[in-house]
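One-letter residues, chain by chain:
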Amino acid sequence: MNKTDKIYVAGHRGMVGSAIVRKLRSEGFNNIIEKTSSELDLRNQESVNKFFETNKPDYVFLAAAKVGGIMANNTYKAEFLYDNLMIETNIIQAAYKNEVKKLLFLGSSCIYPKLAPQPLKEEYLLSGLLESTNEPYAIAKIAGIKLCEYYREQFGCNYISLMPTNLYGPNDNYDLQNSHVLPALIRKLHTAKVSGMPSITLWGTGSPKREFLHVDDLANACLHLMEHYNQKQFLNIGTGEDLTIKKLAELIKNIVGYDGDINWDATKPDGTPRKLMDVSKAHSLGWTHEIALEEGIKKTYADFLTLNLN
Ligand code: GFB
């Protein structure tokens, strides 16, 4: 990429898109196109086509998606499938028609079978049944990977895909029902502390394991691989380390400074038991994460405090 190239970051207001924009600007890329969802509905094919015809971006980071935690995925199943399929299909087709030089598509570690061997290697895609709580999102993201692969095969498009593990960082969603576990726990434990609650109840058994990556580390991966990776094979992006939800809750409890008890509500879903990424391919291409989990959560908690939620 040249510093003057036109770069479209789809989803620039979200946690991932905004991290990519921060990284691009810090590297001196200033010709960035940003459109809010009220200015451009990415689910509308005609609007997306017009936008590409008018703006003619050179590079596209496809970070726009309908996302959420286990409860949102499990509740809004039709929307998670429809919105995500429409967004990625419209953008990928418009990128092809308008001769975008390169596109980077972002998926998720939930694309893998629920009971795949750990750590998850890229080859395990489509080797078994998906976790039911996020099947619609996973199917949409698998379709996105396949679109990139098939547009490369049939039309010679240089489209690459990255599959990040669970992400956290600035501009995350702290909604108590719809957020991912890490921001939900920051908010719940903070509220419990400031309101002096003797105990707090979290969802599930606490025994599933999850891997967490700071979104700034993902943004570094996106830029590095946009510049240096041109293969059909999608890549896992993560830390290669996981912990139980119980351990995560203890860690956040210490950072927040809450001294009450934590109870678990096993009537709420646990989701997939484990989804640890094998990140050796990304490491071999010169990227590795830099922000350790404790440091990242401390930074994120400081950011959360500026939002004045409780
Ligand atoms: O981040 P999360 O919602 O989704 O984490 P997934 C869910 C795990 O945290 C489950 C437990 O084991 C929950 O039982 N948990 C405990 C909580 N308390 C809470 C809470 O207050 N809020 C939430 N959200 N969870 C998502 C997929 O799966 O991972 C998405 O649904 C996406 O599609 C994302 O792929 C990366 O890690 O289970």
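Residues numbered from 1 in each chain as written. Predicted model: local features only at pLDDT ≥ 70, side-chain atom pairs only at ≥ 80, totals over all residues. Heavy atoms only, no water.

### A word on the environment of Leu182
So, point 1. Position of Leu182 relative to the elements: it lies in helix 6 (residues 181–194).
So, point 2. In the structure, Leu182 is positioned 27 residues away from Lys209 in sequence and 12 Å away in space, judged by C-alpha atoms.
So, point 3. If we skip the residues at most four places from it in the chain, Leu182 touches Tyr168, Phe212, Leu248, Ile252, Leu293 and Ile297. (Helix = DSSP H or I, 4+ residues; strand = E, 2+ residues; numbered from the N terminus. Contact = heavy atoms within 4.5 Å.)

### Considering the pattern of salt bridges
Close approach of charged atoms allows side chains with opposite charge to pair.
So, point 1. Here the structure, examined in full by the defined rule, presents 19 salt bridges.
So, point 2. Of the charged contacts, one joins Glu123 and Lys281 as a salt bridge, the two residues approaching to 3.1 Å between their closest N and O atoms. Residue Glu123 is found in the loop between strand 4 (102–106) and helix 5 (135–155), and its partner Lys281 is found in helix 9 (residues 280–284); the two are separated by 158 residues along the sequence.
So, point 3. With a closest N to O distance of 3.2 Å, Lys268 and Asp265 form a salt bridge.
So, point 4. Looking at Lys268, the relative accessible area reads 27%, which means it is partly exposed. (Salt bridge = Lys/Arg side-chain N within 4 Å of Asp/Glu carboxyl O. Buried < 20%, exposed > 50% of the residue type's maximum accessible area, 1.4 Å probe, protein only.)

### Thoughts on unusual backbone geometry
So, point 1. Following Gln118, the chain continues to Pro119 via a peptide bond in cis, the omega torsion being -5 degrees.
So, point 2. With a phi angle near 55 degrees, Asn308 is a residue other than glycine that sits in the positive phi range.
So, point 3. Summarising the element assignment, Asn308 is placed in the segment after helix 10 (293–306).
So, point 4. In this structure Asn308 comes out as exposed when scored by relative accessible area, which is 68%.

### Digging into the state of the cysteines
So, point 1. Tallied over the full model, the rule gives 0 disulfides.
So, point 2. Counting only cysteine sulfurs, Cys148 is the nearest neighbor of Cys157, a cysteine outside any disulfide, at a range of 9.1 Å.
So, point 3. The buried category is assigned to Cys157, whose relative accessible area is 9%.
So, point 4. You can see Cys222 has no disulfide; the closest cysteine sulfur is in Cys148, sitting 13 Å from it.
So, point 5. Here Cys222 falls in the buried class, since its relative accessible area comes to 0%. (Disulfide = S-S within 2.5 Å.)

### Considering the site of the ligand
So, point 1. In the region of the ligand, 24 residues are neighbours, and Ser108, Lys188, Arg210, Pro269 and Asp270 sit closest.
So, point 2. Between the ligand and Asn166, the relevant distance is 2.9 Å, taken from an oxygen atom to a side-chain nitrogen or oxygen of the residue.
So, point 3. Between the ligand and the protein, one listed contact pairs an oxygen atom with a side-chain N or O atom of Arg210 at 2.7 Å.
So, point 4. Among the elements that line the shell around the ligand, the one with the most residues is helix 6, at 4 residues.
So, point 5. Each residue belonging to the shell around the ligand can be placed in one class, and the counts come to 11 nonpolar, 9 polar and 4 charged. (Near = heavy atom within 4 Å. Polar contact = N/O pair within 3.5 Å; in protein donor to acceptor, adjacent residues only side chain to side chain. Nonpolar A, V, L, I, M, F, W, Y, C, P; charged D, E, K, R; others polar.)

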